[in-house]
Amino acid sequence: MNNSELIIDQNETLISALEKLSSVKNYINLTLFVYNEKKQIIGSVTDGDIRRSLILDKDLNKKI
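Keep in mind that this is a model prediction, so the values were computed, not measured. (Residues numbered from 1 in each chain as written. Predicted model: local features only at pLDDT ≥ 70, side-chain atom pairs only at ≥ 80, totals over all residues. Heavy atoms only, no water.)

Some words on unusual backbone geometry
Phi is mostly negative for residues that are not glycine, and the peptide bonds are mostly trans. The test is simple: Numbering of helices and strands runs from the N terminus, with a helix taken as a DSSP run of H or I at least four residues long and a strand as a DSSP run of E at least two residues long. Burial classification: accessible surface area is computed with a 1.4 Å probe over protein chains only, and a residue below 20% of its type maximum counts as buried, one above 50% as exposed, and the rest as partly exposed.
In this structure, Lys39 takes a positive phi of about 65 degrees despite not being glycine. By the secondary structure assignment, Lys39 is in the loop between β2 (31-35) and β3 (41-46). One non-glycine residue, Lys58, lies in the positive phi region at around 55 degrees. Note on placement: Lys58 falls in the segment after α2 (47-57). Taking relative accessible area as the criterion, Lys58 reaches 66% and is therefore assigned exposed.

This is how it looks when you write it as structure tokens:
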């Protein structure tokens, strides 16, 4: 496993996160770790978080 598969920049969009999650294989919990401009981990986002956000406003271009 490559760690870069599981991290995403805080300025990426929901669609980018979905694409990244789709490329990760063989993981039970689909979680990406969000980092800031200092490359510090500041949180996490799951496929469920993205689904709930899309249900609220359907904006695939919203920032993580």
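Structure's up, so let's keep going.
Focus: the environment of Tyr35
Definition in use: Whether two residues are in contact is decided by their heavy atoms, any of which lying within 4.5 Å being enough.
Its location among the elements puts Tyr35 in strand β2. Relative accessible area serves as the criterion here: at 16%, Tyr35 is assigned to the buried category. When the C-alpha atoms of Tyr35 and Asn11 are compared, they prove to be 9.0 Å apart, with 24 residues separating the residues in sequence. Residue contacts for Tyr35: discarding those within four places in its chain leaves Ile7, Ile8, Asp9, Gln10, Gln40, Ile41 and Ile42.

Regarding the packing of helix α1 (residues 14-23) against α2
How we decide: Axis geometry follows a simple rule: fit a line to the C-alpha atoms, using only the stretch in contact for helices, then measure angles between N-to-C directions, giving values from 0 to 180 degrees. Whether a crossing is left-handed or right-handed is set by the direction in which the near helix is turned from the far one by less than a right angle, anticlockwise for left-handed and clockwise for right-handed. Polar here means any residue other than Ala, Val, Leu, Ile, Met, Phe, Trp, Tyr, Cys and Pro, which are nonpolar, and Asp, Glu, Lys and Arg, which are charged; Gly is therefore polar.
Between α1 and α2, the least distance of the axes is 11 Å, while the angle of their chain directions is 145 degrees. The element α1 and its partner α2 pack so that their crossing is left-handed. Side by side, α1 and α2 meet where Leu14, Ala17, Leu18 and Leu21 of the first sit next to Asp47, Ile50, Ser53 and Leu54 of the second. Among the residues making up the contact of α1 with α2, the classes are represented as six nonpolar, one polar and one charged.

Points about the pattern of salt bridges
What counts, and what does not: The salt bridge criterion pairs a side-chain nitrogen of Lys or Arg with a carboxyl oxygen of Asp or Glu, the two atoms within 4 Å.
Using the criterion set out here, one finds three salt bridges in the structure. A salt bridge links Arg51 to Asp47; the nearest nitrogen and oxygen atoms lie 3.2 Å apart. With Arg51 and Asp47 both in helix α2 and four residues apart, this pair spans about one turn of that helix. Residue classification places Arg51 among the partly exposed residues on the basis of a relative accessible area of 48%.

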